[in-house]
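In case you want the letters, here they are:
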Amino acid sequence: MATSNPNYVFRALADPTRRAIFQQLSRHGEQTVHGLTRHAGVSQPAVSKHLTVLKRAKLVRHRRDGRETHYRAQPEALAPMVDWLNLYGAFWRERFDRLEDLLGRMDP
Amino acid sequence: MSNPDASRALVVERVFPHPPQKLWRALTESPLLAQWLLHNDFEPAIGRKFQFRREPMPHWNGIIDCEVSVVEPLKELAYSWTALGLETVVRWTLTPADGGTHLRMEQSGFGPGREANYNGANYGWQSFFNALERTLADLD
């Protein structure tokens, strides 16, 4: 799978309705736009628009089956976000090491 | 932990064999701060707006916007830390310890904390991190 662009991922999930759609797909598996619309509390065209944004972020995949399109979550696309959070932990520990070196070099 | 937000904060702690005065200097003198943390135009004054600069990376110019909120010499220092649209708070606490100083860094605002409400509200980040946790839990 191609890597998801962090900007698309962050932007896609910054919207509460899109997060709800993503969550719905993560929890309950593959669904159609009709199915999603029942839970989303917004119109079907609005759900379709949100799905486009989620697809661009690679958070959602779709497959055609006759006249119906089925959508499902691709949680692997969250990777940039998880990396970003882990990066912060590593970042501070590394900075503490540098602080220790600096304190050793400073005048008492 | 008495802090209900602790689970959504990043905490790094260490005891350094140096007096609090020395740690305070390393935390508050801009040239010293640059030597171990990041290039900056920090000044230890409440309300002071400043920036830390990391090397730019794909999708990010490396700039961290900050504003000083707490300056209690030798004890506590706090500033907001806004990067990639997410506002967090970085809080440094110094406590005298046997043979040195205990330094605690807490970065909070990764969840629905009291301090995450400024920019966080615009981006809807608070509930996002709850949702992310649930989503990751659902994957197991």
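From a predicted model like this one, the values you see are computed outputs, not experimental measurements. (Residues numbered from 1 in each chain as written. Chains lettered and ligands numbered in written order. Predicted model: local features only at pLDDT ≥ 70, side-chain atom pairs only at ≥ 80, totals over all residues.)

Asks: What exactly am I supposed to notice about the overall build of chain A here?
Replies: Counting secondary structure elements, chain A contains 5 helices and 3 strands. Secondary structure of chain A in N-to-C order comes out as α-α-β-α-α-β-β-α. Evaluated residue by residue, chain A yields a buried proportion of 24% over its 108 residues. For chain A, the proportion of contacts with a sequence separation of at least 24, taken over those separated by at least 6, is 56%. (Helix = DSSP H or I, 4+ residues; strand = E, 2+ residues; numbered from the N terminus. Buried ≥ 20, exposed ≤ 12 C-beta atoms within 10 Å, placed from the backbone. Contact = placed C-beta atoms within 7 Å.)

Asks: Is there a simple way to explain the environment of B:Ile64 in this structure?
Replies: Residue and element names in this part refer to chain B. Take isoleucine 64: it is sitting in strand β4 (residues 63-72). Placed 11 residues apart in sequence, isoleucine 64 and arginine 53 show a C-alpha to C-alpha distance of 6.2 Å. Ignoring sequence-local partners within four residues, the contact set of isoleucine 64 consists of Gln51, Phe52, Arg54, Trp81, Thr82 and Ala83.

Asks: Even after reading the chapter, I still don't get the packing of helix α3 (residues 33-40) of chain A against helix α4 (residues 44-56) of chain A, so can you show me in this structure?
Replies: Two quantities define a packed helix pair, namely the angle between the axes and the distance from one axis to the other. Residues and elements named next belong to chain A. Remark: α3 packs on α4, axes separated minimally by 9 Å, with the N-to-C direction vectors making an angle of 105°. Between α3 and α4, the interaxial angle falls into the category roughly perpendicular. Two secondary-structure elements touch here, α3 through Val33, Leu36, Thr37 and Ala40 and α4 through Gln44, Val47 and Ser48. By residue class, the composition of the contact of α3 with α4 is 4 nonpolar, 3 polar and no charged. (Axes fitted to C-alpha atoms, helices over the stretch in contact; angles between N-to-C directions. Parallel < 35°, antiparallel > 145°, perpendicular 65-115°, else oblique. Nonpolar A, V, L, I, M, F, W, Y, C, P; charged D, E, K, R; others polar.)

Asks: It is not clear to me how the sheet that holds strand β2 (residues 39-40) of chain B should be interpreted in this structure. Could you clarify?
Replies: Remark on secondary structure: sheet strands pair via backbone hydrogen bonds, oriented parallel or antiparallel. All names here are of chain B. Taken in spatial order, the 7 strands make up an open sheet running β1-β7-β6-β5-β4-β3-β2, and their pairing is antiparallel. Lying at the two open borders of the sheet, with one neighbouring strand each, are β1 (10-16) and β2. Alignment of β1 against strand β7 (residues 100-108), held across 7 bridges, turns out to be antiparallel. Across the sheet, valine 15 pairs through a bridge with histidine 102, a residue of β7. Sitting on the sheet, helix α1 (residues 20-28) is in contact with β1, β5 (76-83), β6 (86-97) and β7, with an inclination near 160° to β6. (Pairing = 2+ DSSP bridges.)

Asks: Whenever I open this one, the sheet that holds strand β2 (residues 60-65) of chain A confuses me. Can you help?
Replies: Residues and elements named next belong to chain A. One open sheet accounts for 3 strands, arranged β1-β3-β2; its pairing is antiparallel. For this open sheet the edge positions go to β1 (31-32) and β2, each flanked by a neighbour on one side alone. Two elements, β2 and strand β3 (residues 68-73), share 6 bridges in a ladder whose sense is antiparallel. When the sheet's bridge partners are listed, histidine 62 is paired in β3 with tyrosine 71. Running over the sheet, helix α2 (residues 16-28) touches β1, β2 and β3 and is turned about 90° from β3.

Asks: Sorry, what's going on with the packing of α2(A) against α3(A) here?
Replies: All names here are of chain A. As a packed pair, α2 and α3 sit with axes 10 Å apart at the nearest point and diverge in direction by 125°. Compared by their axis directions, α2 and α3 come out oblique. The interaxial crossing formed by α2 with α3 has right-handed handedness. Contacts from Thr17, Ala20, Ile21 and Gln24 in α2 reach Leu36, His39 and Ala40 in α3. (Left-handed = near helix turned anticlockwise from the far one by under 90°.)

Asks: Before we go on, may I ask you to explain the pairing of β5(B) in this structure?
Replies: Residue and element names in this part refer to chain B. When you tally the buried positions in β5, you get 6 out of 8 residues, the bulk of the element. Note: β4 against β5, 7 bridges, orientation antiparallel. Bridged to aspartate 65 within β5 is threonine 82. The antiparallel hairpin formed by β4 and β5 contains 3 residues in its connecting segment, where leucine 74 sits at a positive phi of about 70°. As paired strands, β5 and β6 are joined by 8 bridges and run antiparallel to one another.

Asks: What is the right way to look at α1(B) in this model?
Replies: One turn of the α-helix equals 3.6 residues, which is why residues spaced by three or four share an orientation. If you check which residues of α1(B) are buried, you get B:Pro20, B:Leu23, B:Ala26 and B:Leu27. Along the long axis of α1(B), the arc covered by the buried residues comes to 125°, so they all point the same way. (Arc of directions from axis to C-beta.)

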